[in-house]
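# Descriptive analysis of the structure
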Amino acid sequence: MQTASDFANLATEVIARCRKLASFSEDAGGTRRTFLSPPMRDCHREVVSWMKELGMTVSVDAVGNLRGFYSGTSPGERRILMGSHLDTVPNAGAFDGILGVVLAVGLVQSLEGRKLPFRIEVVGFSEEEGVRFGVPFIGSRALVGRVDEELLGRKDERGISVRKAIQDFGLNPDEISEAMLSDDVLGYIEFHIEQGPVLENVGRALGAVEAIVGQNRLEFTFSGQANHAGATPMNLRHDALTAAAEWILAVENLAQRTSGIVATVGFVEAKPGATNVIPGEARATLDIRHASDGARTEALDELIRQAESIAARRAVAVKWRMLLAQHAVAMDPFLTEQIEHAIQKAGCEVYRMASGAGHDAMILAEKIPAAMIFLRTPGGISHDPSESVHVDDVAKALECGRHLLTQLAASQKFLGRTRRV
């Protein structure tokens, strides 16, 4: 087992590697790496080089997930998955998602060639953020069989479909079913920055995630009548944007007075978008989350009613469409308990928490036991270039991960598990 100094040195290397991957970007002067964009090739090339140095075999599945395999004590051993996503939001930091992949590679490196009674598969998911096609989790959806023709037909702002993007990357979308999980998978572990201020506020380096909140993403379109800004009296207007604006404030008001709800309007677009024209159409997105599916659904129903009421009163029309409906997901109790033991062995106090953000773990939990470990996020800042981690926290995460692998390797309860169907 490595010493504290060994983990500190490895943590420094992990952080440097994350920052290296941040340089592979669609934008000059910032990090933006969306689903199967050209910089993803550079990202793959870099991660593959690290994996091959450790004797791992590497492949890319038909939806673009990078998959590295570290063999076990004998051929045909079952496997445990570890990883996260390699895509980013626009103007991203260096650690969201990427840290989980690089840290998993670091854990394989920490084994120094030692074999366990299971294989380790490190997965770098091709897409989690939903930036390019408006739907998240394309990478992990493929592993649970949820990439369908509707998803493959979705188009980005340039009119390129998911199917075409896969083909342009040199992959065959007709082989996506081959990416699905098989019966030899024991479980999935994901390290991830918290992306919030909770761990920092309670003074903990690591958190054991017991559940991931449910979320809905929708798009609302308010339709009125475009008209001259100077010649149309205020009482005769059908202003789509003012209706959307009133509804946006209603979203904020409901979230502020409803315990546990977070709701965000993150995108607004007005058409025709001219200074001297009354907006005839306004589109706005809604992201709403809560750990209780019932509470979230009740709040969402109320916001839809308010949108319809505001639109009627302002003499405009409104329609909405669901982009994502994801129920709350509990993490695997056994793996979460093992994570708690590993956190304690790493010399940290245990802190159980819910994740307010969605993660690939919630998708894989549909089919296999899944669990997550959060790292403290300085300042609670994520999805921003100033996103950061403490090197000591990364060292503790690596130490926790090594303890976790050792515990699982010695657990007949874990090794004897059968896959859920």
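Not measured: the values here are computed from a predicted model.

Now for helix 1 (residues 4–22). Here helix 1 contains 19 residues, and its C-alpha end-to-end distance of 27 Å stays within 8% of the 27 Å for a straight helix at 1.5 Å per residue. Packing partners of the buried residues in helix 1 comprise helix 2 (38–53), helix 3 (98–110) and helix 12 (391–409).

Before going further, it helps to spend a moment on the pairing of strand 5 (residues 185–193). For strand 5, the tally of buried residues reaches nine of nine residues, placing the bulk of the element in the interior. Two elements, strand 3 (residues 79–85) and strand 5, share four bridges in a ladder whose sense is parallel. From the neighbouring strand, Met82 faces strand 5, where its bridge partner is Ile189. For strand 5 and strand 16 (residues 370–375), the ladder comprises six bridges, and the chain directions are parallel. Directly across from Glu190, in strand 16, lies its bridge partner Met372.

Now for the packing of aromatic side chains. For the structure on display, the rule yields six aromatic pairs. Pairing Phe222 with Trp247 gives two aromatic rings, centres 6.0 Å apart and planes at 50°, and the pair type is tilted. One end of the pair, Phe222, is in strand 7 (residues 214–223); the other, Trp247, is in helix 8 (residues 240–257), and 25 residues separate them in sequence. Taking the relative accessible area as the measure of exposure, Phe222 reaches 0% and is therefore buried. Owing to a relative accessible area of 0%, Trp247 belongs among the buried residues under this scheme. Seen in terms of ring centroids, Phe334 and Phe414 are 6.4 Å apart; in terms of plane orientation they differ by 15°. Their pairing is stacked.

Right, let's talk about the nonpolar core for a bit. Counting 84 residues, the largest nonpolar core has Phe118 and Ile120 as its most contacted members. When near neighbours in sequence (up to four residues on either side) are disregarded, Phe118 contacts Gly72, Glu77, Arg78, Arg79, Ile80, Leu186, Leu405, Leu408, Ala409, Phe414 and Leu415. Counting 25 residues, the second largest nonpolar core, distinct from the first, contains Leu218, Ala284, Ile288 and Ala299.

What follows is about the packing of helix 8 against helix 9 (residues 293–313). The N-to-C vectors of helix 8 and helix 9 enclose an angle of 150°; their axes lie 10 Å apart at closest approach. Here helix 8 lies roughly antiparallel to helix 9, going by the angle between them. Of the two possible hands of crossing, helix 8 and helix 9 adopt the one that is right-handed. Where helix 8 approaches helix 9, its residues Ala243, Glu246, Trp247, Ala250, Val251, Leu254 and Arg257 are matched on the opposing element by Ala299, Glu302, Leu303, Gln306, Ala307, Ile310 and Arg313.

Let us now look at the layout of surface pockets. Each pocket or cavity is described by its volume, and for the second largest pocket that value is around 170 Å³. Around the second largest pocket sit 13 residues that line it, and Asp61, Ala62, Arg67, Glu178 and Ala179 are the ones nearest its centre. Every element with two or more residues in the lining of the second largest pocket is listed here: strand 1 (57–60) and strand 2 (66–70).

Let us now look at the pairing of strand 7. The buried fraction of strand 7 is high, at eight of 10 residues. Pairing analysis gives 10 bridges linking strand 7 to strand 12 (residues 281–290), with the strands arranged antiparallel. Each residue of the ladder has a partner; that of Phe222, found in strand 12, is Ala282. With nine bridges connecting them, strand 7 and strand 13 (residues 317–326) associate as antiparallel partners. Bridging from a neighbouring strand, Phe222 pairs with Val318 of strand 13.

Reading the values: the criteria
Residues numbered from 1 in each chain as written. Predicted model: local features only at pLDDT ≥ 70, side-chain atom pairs only at ≥ 80, totals over all residues. Heavy atoms only, no water. Helix = DSSP H or I, 4+ residues; strand = E, 2+ residues; numbered from the N terminus. Expected span 1.5 Å × (residues − 1). Contact = heavy atoms within 4.5 Å. Buried < 20%, exposed > 50% of the residue type's maximum accessible area, 1.4 Å probe, protein only. Pairing = 2+ DSSP bridges. Phe/Tyr/Trp six-rings, centres within 6.5 Å; stacked < 30°, edge-to-face > 60°. Core = buried A, V, L, I, M, F, W, Y, C linked by side-chain atoms within 4.5 Å. Axes fitted to C-alpha atoms, helices over the stretch in contact; angles between N-to-C directions. Parallel < 35°, antiparallel > 145°, perpendicular 65-115°, else oblique. Left-handed = near helix turned anticlockwise from the far one by under 90°. 1 Å grid on protein atoms, 1.4 Å probe; cavity = no way out; pocket = protein on both sides within 12 Å on 5 of 7 lines; lining within 4 Å. Points joined across faces, edges and corners; volume = space filled by probe spheres on them.

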